[in-house]
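Okay, here's what each chain looks like letter by letter:
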Amino acid sequence: QVQLVESGGGLVQAGGSLRLSCAASRSIFNINTMSWYRQAPGKQRELVAAFTSGGSTNYADSVKGRFTISRDNAKNTVYLQMNTLKPEDTAVYYCHAKLAILGPTYWGQGTQVTVSS
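These figures come from a predicted structure and were not determined experimentally. (Residues numbered from 1 in each chain as written. Predicted model: local features only at pLDDT ≥ 70, side-chain atom pairs only at ≥ 80, totals over all residues. Heavy atoms only, no water.)

Visitor: Would you mind showing me how to read the overall build of the protein here?
Guide: In terms of helices and strands, the protein carries zero helices and eleven strands. Start at the N end of the protein and walk to the C end: the helices and strands fall as β-β-β-β-β-β-β-β-β-β-β. Relative to the globule expectation of 13 Å for 117 residues, the C-alpha radius of gyration of the protein, 13 Å, shows essentially globular dimensions. Oriented by its inertia axes, the alpha-carbon framework of the protein measures out at about 40 × 25 × 25 Å. Burial analysis of the protein (117 residues in total) assigns 41% to the buried set. In the structure as shown, the protein presents an accessible area of about 6100 Å², 49% of it carried by carbon and sulfur atoms. Distance from the positive charge centre (11 side chains) to the negative charge centre (6 side chains) of the protein: 5 Å. (Helix = DSSP H or I, 4+ residues; strand = E, 2+ residues; numbered from the N terminus. Rg over C-alpha atoms; globule rule 2.2 N^0.38 Å. Buried < 20%, exposed > 50% of the residue type's maximum accessible area, 1.4 Å probe, protein only. Areas by Shrake-Rupley, 256 points an atom, 1.4 Å probe, with all protein chains shown as cover. Lys, Arg positive; Asp, Glu negative; His and termini not counted. Charge placed at Lys NZ, Arg CZ, Asp CG, Glu CD.)

Listed below in structure tokens is the structure:
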């Protein structure tokens, strides 16, 4: 089991930057995948960025070149650096962890990101 707590959201103008943090209640070293998702009003939740089980990273096409996922295993924390933000990036951002290939998944409570034009 793991608890995930996101932070770092807020209101920013278009073109600005934010860094989201996801603090886990246990070591993330052996967690199968850790990801960031987002959900805008009236839309389905979508994958934004992820660390895969092989250690590589995946990004949604809409954020490639602007967002960077990173991790600090010593702090049990995953980050999402978001640059050149656009109004369409406005959403609630969620941290997600999948403990094993067939294991349980967990979500954080979400953090609101609002980008004004």
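Visitor: It is not clear to me how the state of the cysteines should be interpreted in this structure. Could you clarify?
Guide: What makes a disulfide is a covalent bond joining the sulfur atoms belonging to two cysteines. Evaluation of the coordinates by the stated rule reveals one disulfide. With its sulfur 2.0 Å from that of its partner, Cys22 forms a disulfide with Cys95. Here the disulfide of Cys22 and Cys95 is left-handed, its torsion about the S-S bond being about -80°. Residue Cys22 is found in strand S3 (residues 18–24), and its partner Cys95 is found in strand S9 (residues 91–98); the two are separated by 73 residues along the sequence. Like Cys22, the residue Cys95 is buried in the burial classification. (Disulfide = S-S within 2.5 Å.)

Visitor: How should the layout of surface pockets be read in this particular structure?
Guide: Once rolled over the atoms, a probe with the size of a water molecule shows which space is left empty. Volume-wise, the largest pocket comes out at about 160 Å³. The wall of the largest pocket is formed by 13 residues, among which Arg38, Ala40, Lys43, Glu46 and Glu88 lie closest to the centre. Here the residues of the lining of the largest pocket are counted per class, giving two nonpolar, four polar and seven charged. (1 Å grid on protein atoms, 1.4 Å probe; cavity = no way out; pocket = protein on both sides within 12 Å on 5 of 7 lines; lining within 4 Å. Points joined across faces, edges and corners; volume = space filled by probe spheres on them. Nonpolar A, V, L, I, M, F, W, Y, C, P; charged D, E, K, R; others polar.)

Visitor: Explain the nonpolar core to me, please; I cannot follow it from the model alone.
Guide: One finds Met34, Trp36, Leu80, Met82 and Tyr93 to be the most contacted residues of the largest nonpolar core, which totals 30 residues. Going through the elements one at a time, S3, strand S4 (33–39), strand S5 (46–51), strand S7 (67–72), strand S8 (77–82), S9 and strand S11 (111–116) are the ones with two or more residues in this core. Every residue in contact with Met34, bar those within four places of it in the chain, is listed here: Leu4, Cys22, Ile28, Ala50, Phe51, Ile69, Val78, Cys95, His96 and Ala97. (Core = buried A, V, L, I, M, F, W, Y, C linked by side-chain atoms within 4.5 Å. Contact = heavy atoms within 4.5 Å.)

The quantities given are spatial measurements derived from coordinates; they are silent on function.
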